[in-house]
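Letter by letter, the chains look like this.
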Amino acid sequence: MAERREDQDSDEDYEVVDLTDYARRHQWWSRVFGQNSGPIAEKYSVTTQIMMGGVTGWCAGYLFQRVGKIAATAIGGGFILLQFANHSGYVQVDWKKVEKDVNKAKKCLKKKANKAAPEISNVIEESTEFVKKNIVLSSGFLGGFLLGLAS
């Protein structure tokens, strides 16, 4: 019986597949994002791309966190001081005029937002294309950005 199995195995031909060549031709992101994705993938290894994206993402997240805290503190402190001044009688606010000015600003913003819509959609399309072409770098950036926000 053992001889018969060896004979059957020798009759069958096996195809030898080079995994590195196969992986180069059949990348998972090519199936997901299209054939023209990944120009940086040919220049740098996946590890290098993740590290570059992670470091730049962490720096951006850390700066975003610090600047956000400073801005929130300044704006919140300004509102608290304004409320304190209003309550103490140093400042009198004409709320009807404030409401009228806010409504006027809303109308102006609506007009400008309609004009800027094509430009914004262009930026979104270009950003989406960049992310598709550089999926590994972008995912490293996103992970680093979230870590930067958390630190």
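Fair warning: this is a prediction, and the values are worked out from it, not measured in the lab.

Participant: Explanation requested: the packing of aromatic side chains in the structure shown.
Facilitator: Any two aromatic rings considered together are summarised by their centre-to-centre distance and by the angle between their planes. This model, assessed by the stated rule, comprises 3 aromatic pairs. Their ring planes at 15° and their centres at 5.2 Å tell us that W58 and Y62 sit as a pair that is stacked. Of this pair, W58 and Y62 both sit in helix α4 (residues 46–88), 4 residues apart, which is roughly one turn of the helix. Look at W58 and you get partly exposed, because its relative accessible area is 37%. Assessed through its relative accessible area of 29%, Y62 is described here as partly exposed. Their ring planes at 50° and their centres at 5.8 Å tell us that F64 and F145 sit as a pair that is tilted. Taken together, the residues F64 in helix α4 and F145 in helix α6 (residues 135–150) connect sequence positions 81 residues apart. Using a relative accessible area of 55% as the deciding quantity, one classes F64 as exposed. A network of ring pairs unites the aromatic residues F64, F141 and F145 as a single cluster.

Participant: What exactly am I supposed to notice about a nonpolar patch on the surface here?
Facilitator: A surface patch of nonpolar side chains, amounting to about 390 Å² of accessible area, comprises F64, L142, L146 and L149. Counting residues per element, the nonpolar patch draws most heavily on α6, which supplies 3 residues.

Participant: Sorry, what's going on with α4 here?
Facilitator: Since the α-helix packs 3.6 residues into each turn, any two residues three or four apart lie on the same face. If you check α4, its first and last C-alpha atoms are 61 Å apart, about what 43 residues at 1.5 Å a residue would give, namely 63 Å. Looking at α4, one finds that the buried residues are Q49, G53, G54, G57, G61, Q65 and A85. In this structure, the buried side of α4 is in contact with α6. The first or second residue beyond α4 is G89, which carries a positive phi of 95°.

Procedures and definitions
- Residues numbered from 1 in each chain as written.
- Predicted model: local features only at pLDDT ≥ 70, side-chain atom pairs only at ≥ 80, totals over all residues.
- Heavy atoms only, no water.
- Phe/Tyr/Trp six-rings, centres within 6.5 Å; stacked < 30°, edge-to-face > 60°.
- Helix = DSSP H or I, 4+ residues; strand = E, 2+ residues; numbered from the N terminus.
- Buried < 20%, exposed > 50% of the residue type's maximum accessible area, 1.4 Å probe, protein only.
- Patch = residues over 30% accessible without salt bridge, like charges linked within 9 Å, V, L, I, M, F, W, Y side chains within 5 Å.
- Areas by Shrake-Rupley, 256 points an atom, 1.4 Å probe, with all protein chains shown as cover.
- Salt bridge = Lys/Arg side-chain N within 4 Å of Asp/Glu carboxyl O.
- Expected span 1.5 Å × (residues − 1).
- Contact = heavy atoms within 4.5 Å.

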